[in-house]
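The residues making up each chain are set out below.
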Amino acid sequence: MDFWTQDAATLAKQLGTDLKQGLGDDIRRQRLAESIQKVKSMHPALRILLGQFKSPILLLLIAAAGLSFGLGQPVDGTVVLLIIFGSAIIGFQHEYRADQAVAKLMSLVETQITILQNGKEIQVPSKDVVPGDIVLVSAGSIVPADGVLIEESNIFADEAALTGETFPVEKEPTPTKSDTPISQRFNVLYSGSHIASGSGKFLVVQTGIQTQLGGIAKSLGTQRPEAEFERGIRHFGLMLVNLTILLTLGVFAINAFLGRSVLESFLFALALAVGLTPQLLPAIVSVNLSRGAVEMAKQKVIVKRLSAIENLGSMNVLCSDKTGTLTLGIVKVHGAFDENGKDAPEVLRLAQINAMRQEGFRNPIDQSLAESAPDDIKVEPQMIAEIPYDFIRKRLSVLVEGDEPMLITKGALDPILSTCITIGDHSLDSAKDKVHGLFLQYSNQGYRVLGVATKNLPKGTTSVKPEDEAGMCLRGFIILEDPLRPEISDTIAHLGKLGVELKMITGDNHLVATTLGKKMGLKYPEAITGKEIQAMSDAALSHRVRTAQVFAEIEPNQKARLIMSIKHAGNVVGYIGDGINDGSALHAADAGISVSNAVDVAKEAADFVMLESGLDVLINAVLEGRRTFTNTMKYIFMATSANFGNMFSLAGASLLVPFLPLLPKQVLMMNFLTDIPEMFIAGDSVDDVQLQRPQRWDIKFLRRFMITFGILSSVFDFATFGTLLYLKVPQDVFRTGWFVESVASAALIVLVVRSRQPMFKTCPGTRLLQATIAIVALVFILPYTPLSPVFGLAALSPALLGAIVLIITAYITCAEITKHFFYRAEAEQVIRPRHSSSFASSSPYQPWLYRNQLVSSANTDLRASDHVKPVHY
């Protein structure tokens, strides 16, 4: 029997729970254990360890190493396996530490649910709710599971995520029929919805994938849209896969054709593939992201979705609500006035009654009115019924006791005026011009204006509907003030210098929004209203959002559309929201940001949670996002310069000499040794200039970088190759010489490509520098150790060592020179006159490094979002 057809008492018996007491300790503990067992999630350590071996190339290499044992080459097979497992252990160690650090941080902002257990209210993580729990919900609460209402007080649920229904649905405990559509099961609260207003208790019946939303998600395989950084990594990986397949198959086929050992040729080709594949990229990304999350936590920002950290670094437009972020969030009642602009204590009293009696979400306005209320109205009159606030009506009504029940309504002035026919004892029409004049006067001073209206209903009235909000009497105005944060102008200017443009999105009227925009120092403070946006096509809106900085009178469903339009204009968008109506906008943004005191639904949708309000908290997080992005890109630069050059050189050399230029185990050892310093990139220092601009993926730029520096690396590899052939050294010395040169040059190039500045002007992180020096020293010593025969190495003469050192020195010097001209050419390529293209006239970015130096003086009069491209990778 469907659970929505049964009453709560019947279901409670079936689930072994008590509607007044909740579950007992033992049975709840048992059900939680069963729930965890059903999920059967792999232990994090095992998941991360197995993840080190998910590369098909690596698995083929392990199989080939096993084949070596069968063909009587146990030493080679053992060495190959030791190198592979050594790389896996290093990657596992770093990733696991990162995973544990992030798990601790996530627990700080985990959504908590209030339940009854043995008659006491306790809080548990939302994921730990089990069937039979009695859950207490109120306005702003998320619904963690499917269940039936036990009791309610004017409860309305927003089920848009499940049903697509725009308006909140009123709920009641009465069972419904089996064939009732989901949207009409008024006794059920569904997982994924949230409480728009009111409060109540419900009995949990289904959790996890058993819920309605869980079943849909499982069948569709739904997941969050791919972040820009994730998309960039995927495109980069596809580029390398295509290159690796072509090179590997070609080298294997030609070596086999030349009559060399098929097994050795196969191992060599696979080793080349491993060398071309940035095996440590997942570990590097995880370590960088976790370190970024830890550093952000120190700056009072908790990361909920790691992949969004780079989005924060790429962000060039930050959209923010007004209250609590741009303002202090402490609403002050400036006064209450009648239609003549005179003090009206009775109007204030009516607004205070409305704020105190309503049972929905108490926003800062209601809190301020309630706190200022005198003691005599804190108990009387009692509320009979309520029409909760919604973002369509933009007003809230309560029906209170009296000789004749009185409906008291407050809200935005225009929606209040639409319900009124009188003002005082005369027609509203006769006073509309006076009312409008007062509204303009207060709004232009930055005050928010609310209207208060009343209506007496027949004695015995016990319920009200929105249709009853008609024929009312306007009693006056409430004038409210939410002062701007003292530091907000400086903070906005600081964001502008970092290439981040602020856009304000608010439900306030356009006059207040424009006034505040001017006070904050926005360059374009004139507001675009929700009505204007409603009339625009998507193309027109995408054009308008490029310059507009203030959006006022915005409906909740317009926020997500605005965010998407700003994104379509070529921006990476962050959004700060803390309200019930901000969930969709937070999901739509590249970086959704909330605050610790936000409602559950906002915190659940956010990628980041600020532990303190105010944009100044976010600035350090933006810098940390850019630092994380930059350090991740350093690994990619290293992998695409030296690694690509070395592997390309090896492939070419294998075709020109009658033996393999390096043994497969030597190729793997080379890859292993050069990866070690790169594990310390997460702690590397980042040049200040690299933190001053947003940063974006550019696969074409990466391709140019790989070709330029890969060819340069190959030139010096072939110089080594030529030197060794000229000296007519034996095969083992040939391989050793090339091995030493390749490892040393690949390790040292880290110090060149890690920064766009000259190497002698920027200092690498201590551990990175130490690891690099250690690997260079090791590779020069290794041929003289007892391990050299195991790896097929031989001692090098002093003359040959000197030649290798000269080649490496020349390579590093040429890499520095090439870097200078490469970045200068990139800068000249992206600087365009203002009229050159539509993108150039609206791009939200400033140039990077040399581009900064070349164009900063020419753009001193531009705001942060004008005319030039970002740092592209």
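Structural notes, computed from the coordinates.

Rules behind the numbers
- Residue numbers restart at each chain and count upward from 1, following the sequence in its written direction.
- Only residues with pLDDT of 70 or above have their local features reported here, since the model is predicted, and side-chain atom pairs are shown and tallied only from 80 upward, although totals for entire chains, interfaces and linings are computed over all residues.
- Side-chain metrics rest on all non-hydrogen atoms present in the structure, leaving aside hydrogens and water.
- Note on aromatic pairs: the rings of Phe, Tyr and Trp (six-membered ring only in Trp) are paired at centre separations within 6.5 Å, and the planes decide the class, stacked below 30 degrees, edge-to-face beyond 60, tilted for the rest.
- In this text, helices come from DSSP runs of H or I with a minimum length of four residues, and strands from runs of E with a minimum of two, each type numbered from the N-terminal end.
- We call a residue buried when its accessible area falls under 20% of the maximum for its residue type, exposed when it is over 50%, and partly exposed in between, using a 1.4 Å probe and counting protein chains only.
- By the criterion adopted, a ring carries a charge over it if an Arg CZ or a Lys NZ lies within 6 Å of its centre and within 35 degrees of its normal.
- The charge count includes Lys and Arg as positive and Asp and Glu as negative, but it does not include His or the ends of the chains.
- Within this document, salt bridges are pairs made up of a side-chain nitrogen of Lys or Arg and a carboxyl oxygen of Asp or Glu, the two lying within 4 Å of each other.
- Polar contact is the term for a pair of N or O atoms within 3.5 Å; when the atoms are in protein, one must be able to donate a hydrogen and the other to accept it, and sequence-neighboring residues count only if both atoms are side-chain atoms.
- When checking whether two residues touch, look at their non-hydrogen atoms; a contact exists if any pair is within 4.5 Å.
- To qualify as a nonpolar core, a set must consist of buried Ala, Val, Leu, Ile, Met, Phe, Trp, Tyr and Cys residues joined through side-chain atoms within 4.5 Å.

## Observations concerning the packing of aromatic side chains
Right, on to step 1. With the rule as written, the count across this model stands at 16 aromatic pairs.
Right, on to step 2. Ring plane angle 65° and centroid distance 6.2 Å describe the contact between F637 and F701, whose orientation is recorded as edge-to-face. Here F701 lies in helix α25 (residues 699-726) and F637 lies in helix α23 (residues 615-656), a separation of 64 residues in the sequence.
Right, on to step 3. Note on F637: relative accessible area 4%, which makes it buried.
Right, on to step 4. On the basis of relative accessible area, F701 is assigned to the buried category, the value being 1%.
Right, on to step 5. Note on F705 and F822: the rings are 5.7 Å apart at their centroids and 85° apart in plane angle, and the pair reads as edge-to-face. Of this pair, F705 sits in helix α25 while F822 is found in helix α28 (residues 798-830), placing the two residues 117 residues apart along the sequence. We note that F705, like F822, is buried.
Right, on to step 6. The residue whose ring lies beneath R185 is W4, and the NZ or CZ to ring-centre distance is 3.6 Å.
Right, on to step 7. Positioned above the aromatic ring of Y823, the side-chain terminus of R756 is 5.7 Å from the ring centre.

## So, the side chain of R626
Right, on to step 1. Position of R626 among the secondary structure elements: in helix α23.
Right, on to step 2. Within the buried core, R626 has no salt-bridge partner, and the shortest N-O distance to an opposite charge, that of D688, equals 11 Å.
Right, on to step 3. Within polar-contact distance, the side chain of R626 engages the backbone oxygen of Q692 at 3.5 Å.
Right, on to step 4. Beyond its immediate chain neighbours, meaning those up to four positions away, R626 contacts G313, M315, L498, V500, L691, Q692, R693, P694 and Q695.

## Description of the nonpolar core
Right, on to step 1. Counting residues in hydrophobic clusters, the biggest one holds 87 residues, and the most contacted among them are L312, L318, F551, I563 and F608.
Right, on to step 2. Not counting the four nearest positions on each side in its chain, F551 is found in contact with K503, M504, I505, T506, I528, I533, V545 and L562.
Right, on to step 3. In this structure, L247, F705, L800 and I808 belong to the second largest nonpolar core, which totals 68 residues.

## Observations regarding unusual backbone geometry
Right, on to step 1. One non-glycine residue, K394, lies in positive phi territory at about 60°.
Right, on to step 2. Within the secondary structure, K394 sits in the loop between β11 (383-387) and β12 (395-400).
Right, on to step 3. For K728, which is not glycine, the phi torsion reads 50° and is therefore positive.
Right, on to step 4. Tracing the chain through its elements places K728 in the loop between α25 and α26 (731-753).

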